[in-house]
Amino acid sequence: MRHFLMTLVSAGMALPAMAQDFSEGSEAKPWNLYAEQPARFEARVVDILCELTGDCPADCGGGVRQLGLLRGVDDVLVYPNKNAQAAFTGAVVELLPFCGRQVEVDGLLIEDPDLGAVNIYLVQKVRAVGDAEWTAANRWTKEWAKTNPEADGKGPWFRRDPRVNAEIAAHGYTGIGVEEEKPFLKELFE
Amino acid sequence: MRMRLLMAAILLPLPGAVQAAEGERVQIRGEIIDTWCYYSGVMGGPDAVTGTAHHTCALWCSAGGIPVGLLGEDGQVYMVLRIEGDDGSAGGDMQLRLASHEITADGLLYHRDGLNYLVVEKVVTDHGITKLNHEDYGPVPPFAIPEPKE
């Protein structure tokens, strides 16, 4: 029996660990956020919708679905909300090449119980377990440029994004309507 | 004793296995928000990163693939994974169109490791953008609205 239990534990079936400090070995750059903690850990890249509901396309959704990090040490599902770019960009593009694989990530955990922020993550770099080289989690804007060649030009992507600009053209910067927000804009820039 | 240990071991989750569960049927009214700005505080307090003040940034974040959430009337955030058959939770068209909108959503709720996840099966009502706070906060962030060119 003892041998059987030891086998289970060594196979990763240990009971969930208590809250832990994942900062050891982290080289994450601070963003000076209120509730950030550097965190480096190993995890499996998963399709969150699949993980929760059992609706599981082969390719983790091919980039349209949000991806999670199923942390190896405690089986906690960490939610990467953000990549490493200060450009309003998420983490899926960075993690999709590692769909279903064991990875090591380094970045910032956000834990702010007052706001319900638990296991929220900003990924700064990622590598497959066993690989020496890290990949910086900053590919989003290059991938956007490839898929939006018609939006080529100066300025950040979010000023040129066709879908965003269509929404603003239709409903204004505030969403209340182009005509309706005109007095506010006039006052704003007077 | 041996049998108890064996049963306990069997009930432990298998590593790597999908732990799909039945969702709880719920109906939640709230605002579609971008979760990173809300959770991180990078743009200020929670009141400033919702509503009309934050609408342009909500569009940017949604188009940028940052997860959207439904900020319920109960103050809880529900991470949205699907809306009416559209599983484009990373920059999809449906969630972009609903940025800052108050909706009543009927769907399935899941809880996992401290977060709420919502599969919206039907947007029962789209109430439109109802939180009018741009006069209070101005645009958040301030550069969200570019100064008109002369």
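Residues numbered from 1 in each chain as written. Chains lettered and ligands numbered in written order. Predicted model: local features only at pLDDT ≥ 70, side-chain atom pairs only at ≥ 80, totals over all residues.

(A) The domain arrangement of chain A, seen in detail. Along its sequence, chain A is organised into domain 1 (11-137) and domain 2 (148-188). Measuring from the centre of the C-alpha atoms in domain 1 of chain A to the corresponding centre in domain 2 of chain A gives 32 Å. (Domains from an automatic or database assignment.)

(B) The arrangement of the pairing of strand 5 (residues 117-128) of chain A in detail. All names here are of chain A. With nine of 12 residues buried, strand 5 lies mostly within the body of the structure. Strand direction decides the pairing type here: strand 3 (residues 77-82) and strand 5, joined by three bridges, are parallel. Counted as the bridge partner of Tyr-79 is Ile-120 from strand 5. Where strand 4 (residues 102-112) lies against strand 5, nine bridges are found, and the strand directions are antiparallel. Along strand 5, the bridge assignment pairs Glu-104 with Arg-127. Between strand 4 and strand 5, which pair antiparallel one after the other, the connecting turn spans four residues, and Gly-116 there sits at a positive phi close to 80 degrees. In this structure, strand 5 lies alongside strand 6 (residues 135-136), joined through two bridges in antiparallel fashion. Its bridge partner being in strand 6, Lys-125 is matched across the sheet by Ala-136. Hairpin connection, strand 5 to strand 6: the antiparallel pair is bridged by six residues, and Gly-130 has positive phi, about 100 degrees. (Buried ≥ 20, exposed ≤ 12 C-beta atoms within 10 Å, placed from the backbone. Helix = DSSP H or I, 4+ residues; strand = E, 2+ residues; numbered from the N terminus. Pairing = 2+ DSSP bridges.)

(C) Here's a closer look at the sheet that holds strand 2 (residues 68-72) of chain B. Residues and elements named next belong to chain B. Taking strand neighbours around the barrel as the criterion, the five strands line up as 1-2-3-5-4 in a closed arrangement whose pairing is mixed. Ignoring which end each strand starts from, the neighbouring axes of this sheet average 55 degrees apart. As judged from the five bridges shared by strand 3 (residues 77-83) and strand 5 (residues 115-128), these two strands associate in the parallel manner. Residue pairing for strand 5: Val-80 is matched across the bridge by Leu-118. Sheet strands touched by helix 3 (residues 55-63): strand 1 (24-34) and strand 2. Its angle to strand 1, the strand with the most contacts, is close to 115 degrees. (Axes fitted to C-alpha atoms, helices over the stretch in contact; angles between N-to-C directions. Contact = placed C-beta atoms within 7 Å.)

(D) Looking closely at helix 6 (residues 162-171) of chain A. Residues Val-164, Glu-167 and His-171 of chain A constitute the buried set of helix 6 of chain A. Projected down its long axis, helix 6 of chain A shows its buried positions confined to an angular sector of 65 degrees, all on one face. Helix 6 of chain A presents Pro-162, Ala-169 and Ala-170 of chain A as exposed residues on the side facing more than 90 degrees away from its buried surface. As for helix 6 of chain A, its buried residues are in contact with helix 5 (157-160) of chain A together with helix 3 and helix 4 (93-97) of chain B. Of the residues one or two after helix 6 of chain A, Gly-172 of chain A is the one with positive phi, at around 85 degrees. (Arc of directions from axis to C-beta.)

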